[in-house]
Amino acid sequence: MINQILKNKIYIFILFIVSAILSCNKTINNPIQYFEKSRKQRLTHSRVIDLEEFDILRPGQVIRKDDSYMVWDLKNEKMFHLVNFDTKKVIKGIKTGNGPGEIISPSSLQLKDGRFLICDTDRKKISRIDISSDTTLTLREVEDINFDTRLFVINYQGSHMIATGLFDDAWFASLKGNGEIISKVDFPSFEETSNTTGMELSMLYISTHIVNKPDNKKVVAATQDLGVISFFNYINGSILEEYKQMKYYGPKFILLERGGIAWSKDGPIGFCDLDCDEDYVYALYSGRTFTEHGMESHHCENLLVYDWDGNPVKHYILDTPLFSMKFDNEKNTIYGIGYNPEGVFVEYQLDN
C-alpha cells in the first residue's frame, strides 16, 4: 500500500515536471500569435481624406480638437496645420529653426487640457501652440525642462512627465518639471542585449510610446523597434510599478565601432502607436521588416486591443494601414495617418 502511494506521488511529480517543461517551451514570439484566440474583425475605413488638398506634404501625426485636427507635417516649411475637413479652413504655422517662435528639435505633440503642447528636445523647453489669427499658428514657451540628459518621448502630466531619454540606467522615468527623477523603469531583458551598455540600451528603447489611463492611475508603454508592451500602476501620479509585461521579441541590431547602433533590416517593427480609454488599450502593430516592405515597414494593418490586465480582447485588421493613430472616445473611432501612396487622413468606426 505504501509502495503504491509512493509510486503515485512519483508519477504526479513527473507529470508536473513534464507539464512545466512543455509550458516553458510554448513561447509566444509575436503579438499576432498572442491574439490567435481573440475575436478578429476586418475593418473598412469610414472616411479617408487626401491631405495634399490642404498642402500637407508628409503627415506624421494627427490629433482632433473639437471640429478640427492638428496635423504635424514632417516636410512642409510650416510644420503644423489645424484643419477643419468640413469647412476646408486651414491655419498653419511654426517653422524649424533657431529664430524666435521657431523650434529646433520637435518631439511629442500632445493635446493636454485643451492645449496642444510640443517639446523642443534641443532647447529643453515645452511650448504651447497658439492660434494667433485666422491664418497663423504661433509658439509660446510655457516650461523649461531642467534636466541634463536629453529626453525624447515625453508624456506630459501636469507638473510631472513620463519620458524616455538617454538615461543610461532606465528604460523611461517619471520626472518632476525641475528634472528630478521620481521613479525609474528597468530595461526589458533579452539575450540579444546581454552585452550592451546602459547608453546603448537607452538608444534601443528610446522610441517607446507611453500613454496614461484617463483616471491617471495606470500607464502602458510599447516599443516601436522591438516587441514589448508593459503595464504599470501609476501611484500618486508619480511612482511607476510594473504589474505585467509581454516580451514578444527582442531587437535586431549591430553595434557600430564608432559608437551607436544600426538596426537590422530583418528585424520586425513593433508597435507604431498607442492610445487608451478607461477599459482598453489600443495598440497599432506592424510586424513588418524593412527587407520585405522598405519604407512601408512602419505602416500597420493590425490594431490590437488589450484590456488593462494585459489580456487580448480583439484584433482588428485595417483595410488601409496606418502610420500613426489616435482613439476618439466621443465618436468611438480610430483615426490616423496612412499613405495611399500620398498622405491621407483615415478614420475607422469601431463596434460597441
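Residues numbered from 1 in each chain as written. Predicted model: local features only at pLDDT ≥ 70, side-chain atom pairs only at ≥ 80, totals over all residues. Heavy atoms only, no water.

### Section: the overall build of the protein chain
Quick reminder of the rule: Put simply, DSSP H or I for four residues or longer makes a helix, DSSP E for two residues or longer makes a strand, and each gets a number counted from the N terminus. When we talk radius of gyration, it's over C-alpha atoms, and the globule rule is simply 2.2 Å times the number of residues to the 0.38. Working definition: with a 1.4 Å probe on protein chains only, accessible area under 20% of the residue-type maximum means buried, over 50% means exposed, and in between means partly exposed. Reported accessibility uses the Shrake-Rupley method at a 1.4 Å probe radius. Residues are deemed covered only where the shown protein chains occlude them. Charge counting treats Lys and Arg as positive and Asp and Glu as negative, with His and both chain ends excluded. Charged groups are reduced to one reference atom each: NZ for lysine, CZ for arginine, CG for aspartic acid, CD for glutamic acid.
Regarding its fold elements, the protein chain presents 4 helices and 27 strands. A compact globule built from 352 residues should have a C-alpha radius of gyration of about 20 Å, and the protein chain, at 22 Å, falls within 12% of that. With respect to the three principal axes, the spread of C-alpha positions in the protein chain is 90 × 45 × 45 Å. Here the protein chain, with 352 residues, has 51% of them falling under the buried criterion. Accessible surface, the protein chain as shown: approximately 17600 Å² in total, 49% of it carbon and sulfur. A gap of 3 Å separates the mean positions of the 39 positive and 49 negative side-chain charges of the protein chain.

### Considering the packing of aromatic side chains
Keep this limit in mind: Pairs were defined over the aromatic rings of Phe, Tyr and Trp, the Trp ring being its six-membered one, requiring ring centres within 6.5 Å. Orientation was assigned from the angle between planes: stacked under 30 degrees, edge-to-face over 60, tilted for the rest.
Evaluated as defined, the whole model comprises 22 aromatic pairs. With 5.8 Å between their ring centres and 75 degrees between their planes, Y34 and F35 make a pair best called edge-to-face. Residue F35 is classed as buried on the basis of its relative accessible area, which comes to 1%. Plain terms: the ring middles of F187 and Y205 are 5.7 Å apart, the flat faces sit at 40 degrees to each other, and that makes the pair tilted.

### Observations concerning the sheet that holds strand β5 (residues 80-83)
Just so we agree on the cut-off: At least two DSSP bridges between two strands are required for those strands to pair. Simply put, an axis is a line fit to the C-alpha atoms, just over the touching stretch for a helix, and the angle between two N-to-C directions goes from 0 to 180 degrees.
The strand order β3-β4-β5-β6-β10-β9-β8-β7 describes an open sheet built from 8 strands, whose pairing is mixed. The two strands at the open ends of the sheet, each matched to only one other strand, are β3 (59-65) and β7 (106-112). Averaged over neighbouring strand pairs, the angle between their axes works out to 30 degrees when direction is ignored. Here strand β6 (residues 90-93) runs beside strand β10 (residues 136-144); their pairing, made up of 2 bridges, is parallel. Paired with G93 across the bridge in β10 is L137.

### Looking at the environment of G101
Worth spelling out the cut-off: Any two residues having at least one pair of non-hydrogen atoms within 4.5 Å are treated as being in contact.
Here G101 is to be found in the loop between β6 and β7. Each C-alpha atom, one on G101 and one on T138, is 6.5 Å from the other, the two residues being 37 residues apart in sequence. Once residues lying within four places of it in the same chain are set aside, the contact partners of G101 are I94 and L139.

### Quick word on the sheet that holds strand β27 (residues 343-349)
With respect to topology, 4 strands assemble into an open sheet ordered β2-β27-β26-β25, the strand pairing being antiparallel. Because the sheet does not close on itself, it has two edges, and the strands there are β2 (47-50) and β25 (324-328). On average, each strand axis in the sheet is tilted by 20 degrees relative to the strand beside it, whichever way the strands run. Strand direction decides the pairing type here: strand β26 (residues 333-339) and β27, joined by 7 bridges, are antiparallel. Within the sheet, the bridge partner assigned to G336 lies in β27 and is V346.

### Some thoughts on unusual backbone geometry
The linkage connecting N340 with the following residue, P341, adopts the cis geometry, with an omega of -5 degrees. Among the secondary structure elements, P341 is positioned in the loop between β26 and β27. The phi dihedral of K124 is positive, around 60 degrees, even though this residue is not glycine. Note that K124 resides in the loop between β8 (115-120) and β9 (125-131). Residue class for K124 comes out partly exposed when judged on its relative accessible area of 28%. The phi dihedral of N216 is positive, around 65 degrees, even though this residue is not glycine. The residue N216 is located in the loop between β15 (208-212) and β16 (218-223) in this model. For N216, a relative accessible area of 25% corresponds to the partly exposed category.

### Section: the pattern of salt bridges
To keep it simple, the criterion reads: A pairing counts as a salt bridge when a side-chain nitrogen of Lys or Arg comes within 4 Å of a carboxyl oxygen of Asp or Glu.
In this structure the tally under the stated criterion is 14 salt bridges. Close ionic contact of E77 with K95 constitutes a salt bridge, the shortest N to O distance being 3.3 Å. Placement of E77 in the loop between β4 (68-73) and β5 and of K95 in the loop between β6 and β7 is noted, with a sequence separation of 18 residues between them. With a relative accessible area of 55%, E77 lands in the exposed category. Taking the relative accessible area as the measure of exposure, K95 reaches 32% and is therefore partly exposed. Between E141 and K125 there is a salt bridge, and its shortest N-O distance comes to 3.8 Å.

### Here we look at the nonpolar core
Worth spelling out the cut-off: By convention a nonpolar core is built from buried Ala, Val, Leu, Ile, Met, Phe, Trp, Tyr and Cys residues, the set being connected through side-chain atoms within 4.5 Å.
Counting residues in hydrophobic clusters, the biggest one holds 27 residues, and the most contacted among them are F80, L109 and I129. Elements supplying a minimum of two residues to this core: β3, β4, β5, β8, β10 and β26. No other element matches β4, which puts 4 residues into this core. In this view, I129 contacts M70, F80, I94, L109, F116, I118, L137, T138 and L139; residues no more than four positions away in its chain are not counted.

### Digging into the environment of V62
Checked against the element boundaries, V62 lands in strand β3. V62 sits 10 residues away from W72 along the chain, and the two C-alpha atoms are 6.3 Å apart. Discounting residues that sit within four places of it in the chain, V62 has contacts with Y69, M70, V71, K326, Y335, G336, I337 and F345.

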